Amino acid sequence: MAQTGFQIGEEFIRAHNERRKGEVQRDYEALGERLKRRGLAIDRVTGEASALSVALPSWAVGTGGTRFGRFPGGGEPRSVFEKLVDCGTIHTLTRVTPRVALHIPWDRPDDPKELAGFAASLGIGFDAMNSNTFEDQKGQKYSYKFGSLSHTDRAVREQAIAHNLACVEIGKALGSKALSVWIGDGGNFPGQVDFRESLERYIASIEAIEAGMPRDWLLYIEYKLYEPAFYSTVLNDWGTAYYVAERVGPRVFCLVDLGHHAPNVNIEMVVARLLQFGKLGGFHFNDSKYGDDDLDAGSMKPFQLFLVFHELVNGALRGRGKNPEPAYMIDQSHNVTDPVESLIASVEEIQRAYVQALLVDREALATFQRDNDAVMALRTLKAAFTTDVGPILAMGRLRTGGAADPLAAFRESRYREHKGKERA
Ligand SMILES: [Mn+2]
């Protein structure tokens, strides 16, 4: 069995919490008073906040990079086991990240059963499997230079389908129940790709993958506007993804990556539409200024994140319909920060937006919408968005055994310093 090395222990967290408990309690009571005046029971909100679950991507605990370089810090994970240790640490501190999404082949385990056992010893499990046919792997027969699932050559498509089914096989041993597929297929120049034929080939490949999955698995298809194909992308937007999901069948759902849209696209409306049509599978959270920047969730557009959760809460209140429980996952690239710190901060931002969305006075909002009172409708949303829900998040962690201030606890523990020595 692999070694965990240094870990942040219960005793350490208890001491950290002991120093902050009084302050958290006072802030919590004050906020509870304010929410009570708005007809909200704070303990119920705190319970819902603690029930949120966000999956961590195995690839994000290492330093990312751009095509201009990568600047790793010390103590980075060197294996999938060490990546799980870092993910387990984030769960230990935040208590809302019990699952890891594995990327194959970057984190292909030699022995999936052994990896599953190691994860269980850390108190975590596995989320969706993520396939990769957007780059060539050592020893593969055909190149994906001109596409994978939509390639013009049947042999290339079959190789890409086989890779996805291999991911499913690994996932079965790990206890995963879903496969996420994103492809880079598309064209860089006008005329390069036949739009219609390439989409038909992609759909046929998705049908083959879906047919090869166990009955209780879900298939998430992730669309993206552009990059690496800079002129046209085969699965480019939510409408196309919706069409594919609808055509292939009831186990196929659309995955919304916040960074995969043109600037200023109304993503919260995309979310509402997919929920309405019963085809929203889940999310990849991140944030961006210009394109698919993969910055930390909530760092650029926290109001947008809140509006997305507002629609998700609306959807849940209206009844899920054909939509599964949405799969929340972070998909970020940490280039200048400690990846664990960025992930802790992102988890907190995601949870914050969710809790703020729970505070919306939906009855008042419905009245203002009926009366066409735009000013008061916006004000109703802003009243929730501007509420400092920090005490709810902190109290939720105190009650579930996490750290009152997970980022501060991480630094106090000198985790990275320890790992720098272990992972020399
Ligand atoms: Mn993504």
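In this text the structure is predicted, and so the values were computed from the model without any measurement.

Trainee: Tell me about the overall build of the chain, and name the residues and values.
Mentor: If you tally the helices and strands in the chain, you get 15 helices and ten strands. What you see for the chain is a C-alpha radius of gyration of 22 Å, in line with the 22 Å of a compact globule of 424 residues. Its C-alpha atoms put the chain at 65 × 60 × 40 Å along the principal axes. Across the 424 residues in the chain, those meeting the buried criterion constitute 46%. Contacts spanning at least 24 positions in sequence make up 79% of the contacts within the chain whose residues lie at least 6 apart.

Trainee: How would you sum up unusual backbone geometry? Please name residues and give values.
Mentor: For the bond running from Ile104 to Pro105, omega is 15°, close enough to zero to count as cis. Structurally, Pro105 is set in the loop between strand S2 (99-103) and helix H4 (112-121). With omega at 10°, the peptide bond leading from Glu227 into Pro228 counts as cis. Of note, the phi angle at Asn372 is positive, near 55°, even though the residue is not glycine. Its place among the elements puts Asn372 in the loop between helix H11 (362-370) and helix H12 (374-385). Under the C-beta neighbour-count criterion, Asn372 is labelled exposed, with 7 such atoms within 10 Å.

Trainee: Please provide a residue-by-residue account of the sheet that holds strand S9 (residues 280-285), values included.
Mentor: Strand order in the open sheet formed by eight strands is S1-S2-S3-S4-S6-S8-S9-S10, with parallel pairing between adjacent strands. At either margin of the open sheet sits one strand with a lone partner, and together these are strand S1 (56-57) and strand S10 (327-330). In this sheet, strand S3 (residues 125-130) lies alongside S2 in parallel orientation, the contact comprising four bridges. Counted as the bridge partner of Val100 is Phe126 from S3.

Trainee: Could you give an account of the environment of Asn188, with specific residues and numbers?
Mentor: Relative to the assigned elements, Asn188 resides in the loop between strand S5 (186-187) and helix H6 (195-211). A count of 13 C-beta atoms within 10 Å places Asn188 in the partly exposed class. Here the alpha-carbon distance between Asn188 and Tyr231, two residues 43 residues apart in the chain, equals 4.6 Å. Sequence-distant contacts of Asn188, defined by excluding residues within four places in its chain, comprise Ala229, Phe230 and Tyr231.

Trainee: Requested: an account of helix H9 (residues 302-317), with residues and values cited.
Mentor: Here H9 is 16 residues long and its end C-alpha atoms lie 22 Å apart, about the 22 Å a rise of 1.5 Å per residue gives. Buried residues along H9 sit against helix H8 (267-276), helix H10 (339-358) and H12. Directly after H9, the chain includes Gly319, whose backbone phi takes a positive value near 95°.

Trainee: Run through the pairing of strand S4 (residues 178-181), naming residues and quoting values.
Mentor: By the alternation rule, side chains of S4 split into Ala178 and Ser180 and Leu179 and Val181, which are all buried. Crossover handedness for the path S3 to helix H5 (residues 154-174) to S4: right-handed. Pairing of S4 with strand S6 (residues 218-222), which is carried by four bridges, proceeds in the parallel orientation. Its bridge partner being in S6, Ser180 is matched across the sheet by Tyr220.

Trainee: So, the nonpolar core: which residues are in play, and what are the values?
Mentor: Among the nonpolar cores identified, the biggest contains 108 residues, and Ile221 and Cys254 are the most heavily contacted of them. The contacts of Cys254, once residues within four sequence positions are left out, are Ile221, Trp238, Ala241, Tyr242, Ala245, Leu274, Lys279, Leu280 and Gly281.

Trainee: Account for helix H7 (residues 238-248), naming residues and giving values.
Mentor: Within H7, the full set of buried residues consists of Trp238, Ala241, Tyr242, Val244 and Ala245. Burial along H7 is one-sided: seen end-on, the buried residues are contained in an arc of 165°. For H7, the elements touching its buried residues are H6, S6, strand S8 (252-257) and H8. Remark: Gly249 follows H7 within two positions and exhibits a positive phi of approximately 145°.

About the cut-offs
- Residues numbered from 1 in each chain as written.
- Predicted model: local features only at pLDDT ≥ 70, side-chain atom pairs only at ≥ 80, totals over all residues.
- Helix = DSSP H or I, 4+ residues; strand = E, 2+ residues; numbered from the N terminus.
- Rg over C-alpha atoms; globule rule 2.2 N^0.38 Å.
- Buried ≥ 20, exposed ≤ 12 C-beta atoms within 10 Å, placed from the backbone.
- Contact = placed C-beta atoms within 7 Å.
- Pairing = 2+ DSSP bridges.
- Expected span 1.5 Å × (residues − 1).
- Right-handed = clockwise from strand over helix to strand, strands pointing away.
- Core = buried A, V, L, I, M, F, W, Y, C linked by C-beta atoms within 7 Å.
- Arc of directions from axis to C-beta.

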